[in-house]
Amino acid sequence: MQRAKFALPSIVTLMSIACGFGSIVISVDNAFIGDAGDYRLAAVLLVLAGVFDALDGMVARATNTQSDFGMQLDSIADVMNFGCAPGLLLYCYGFQQLGADHPTLLRMGGIASFFFVACGALRLARFNVNVGRTDPRYFVGMPITAGAACVASVVVAWPDAASSVLHGSLVVLLLFVVGSLMVSTVRFPSSKQKKSWAALVVLLINLGLLAWLLTAYFVLFFAVYIVFTLALNAAWKTGWTGIAPPVVYDDE
């Protein structure tokens, strides 16, 4: 029973990997078909992978079975689920249908997709070596899970494959922007912020917007999330402390 208890977090992590792998398979199979429903399903599987990614840590803490093995497995899973899987999804979604007529856009799409994956891997490596050396209230750079959800939200909101050069070019821009944010030193608020009534009000507003906007809500959420974070970092540079700035450690 003791050994089985230690296996529980790893089983949850493997379920996360299964979702990421399923998303990859669906994206590849749908690349030359362009079915909107399949692209949306591939994006939803990435969201489900994120749910399992959050659960494995909760299970480990609840059962007191945290281990170095589990941390390494989780990190490897994150590279696949939130780096490779969304990068491939956006490559198939944004460029395969246009590739025959616009080979340059196809190549740019491949470069942008790899850039996103590479930035995600670098973001995870930096996070792993900086554990305990940064203010836990803030992430240094956009978390890879948020980056994956950001690009996947576009597919959820508009699941029809890119059918114009403009659409494909916007996907290229999206991948470069989100990838750059992941490896930046911009401080993104984490879930370890001090809880308050204002946070509860914001949560209720978001639930209302979700019920009203449905799939379009996620694009709006990440747009506001990025703009708010950039504005907050700019305000800190001017000396504003209305929201407590991150503590910077000497060895950071």
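Residues numbered from 1 in each chain as written. Predicted model: local features only at pLDDT ≥ 70, side-chain atom pairs only at ≥ 80, totals over all residues. Heavy atoms only, no water.

Selection rule: UniProt positions are given in the numbering used here, feature names are shortened, and annotations may be inferred rather than shown by experiment.
Per an unreviewed UniProt entry, the chain is named CDP-diacylglycerol--serine O-phosphatidyltransferase, and its organism is Duganella levis. Under the Catalytic activity (unreviewed entry) heading, UniProt states for the chain: "a CDP-1,2-diacyl-sn-glycerol + L-serine = a 1,2-diacyl-sn-glycero-3-phospho-L-serine + CMP + H(+)". In UniProt, the chain has this text filed under Subcellular location (unreviewed entry): "Endomembrane system".

## Some remarks on the environment of Leu209
For clarity, the cut-off: Numbering of helices and strands runs from the N terminus; a helix is a DSSP stretch of H or I covering at least four residues, while a strand is a stretch of E covering at least two. Relative accessibility decides the category of a residue: with a 1.4 Å probe and only protein chains considered, values under 20% of the type maximum give buried, values over 50% give exposed, and everything between is partly exposed. Should any heavy atoms of two residues lie within 4.5 Å, those residues are counted as being in contact.
Structurally, Leu209 is set in helix H7 (residues 197-213). What makes Leu209 partly exposed here is its relative accessible area of 26%. Separated by 11 residues in sequence, Leu209 and Leu220 place their C-alpha atoms 9.4 Å apart. Discounting residues that sit within four places of it in the chain, Leu209 has contacts with Leu214 and Tyr217.

## So, the packing of aromatic side chains
Put simply, the rule reads: Any two rings among Phe, Tyr and Trp, with Trp reduced to its six-membered ring, count as a pair given centres within 6.5 Å; such a pair is stacked if its planes are under 30 degrees apart, edge-to-face if over 60, and tilted if neither.
Taken as a whole and judged by the stated rule, the model has 10 aromatic pairs. With centroids separated by 5.4 Å and ring planes inclined at 70°, the aromatic side chains of Tyr217 and Phe218 adopt a geometry described as edge-to-face. Residue Tyr217 is classed as buried on the basis of its relative accessible area, which comes to 9%. Relative accessible area serves as the criterion here: at 33%, Phe218 is assigned to the partly exposed category. With a centroid separation of 6.0 Å and an interplanar angle of 35°, the aromatic rings of Tyr217 and Phe221 are classed as tilted. Linking Tyr217 with Phe221, this pair stays in helix H8 (residues 216-237), spanning 4 residues, or about one helical turn. Residue Phe221 is classed as partly exposed on the basis of its relative accessible area, which comes to 33%. Here the aromatic residues Phe188, Tyr217, Phe218, Phe221, Phe222 and Tyr225 are joined through ring pairs into a cluster of three or more.

## Notes on the side chain of Ser184
Considering the arrangement of structural elements, one finds Ser184 in the loop between helix H6 (165-183) and strand E2 (187-189). Excluding anything up to four places from it in sequence, Ser184 contacts Arg126, Val140 and Gly141.

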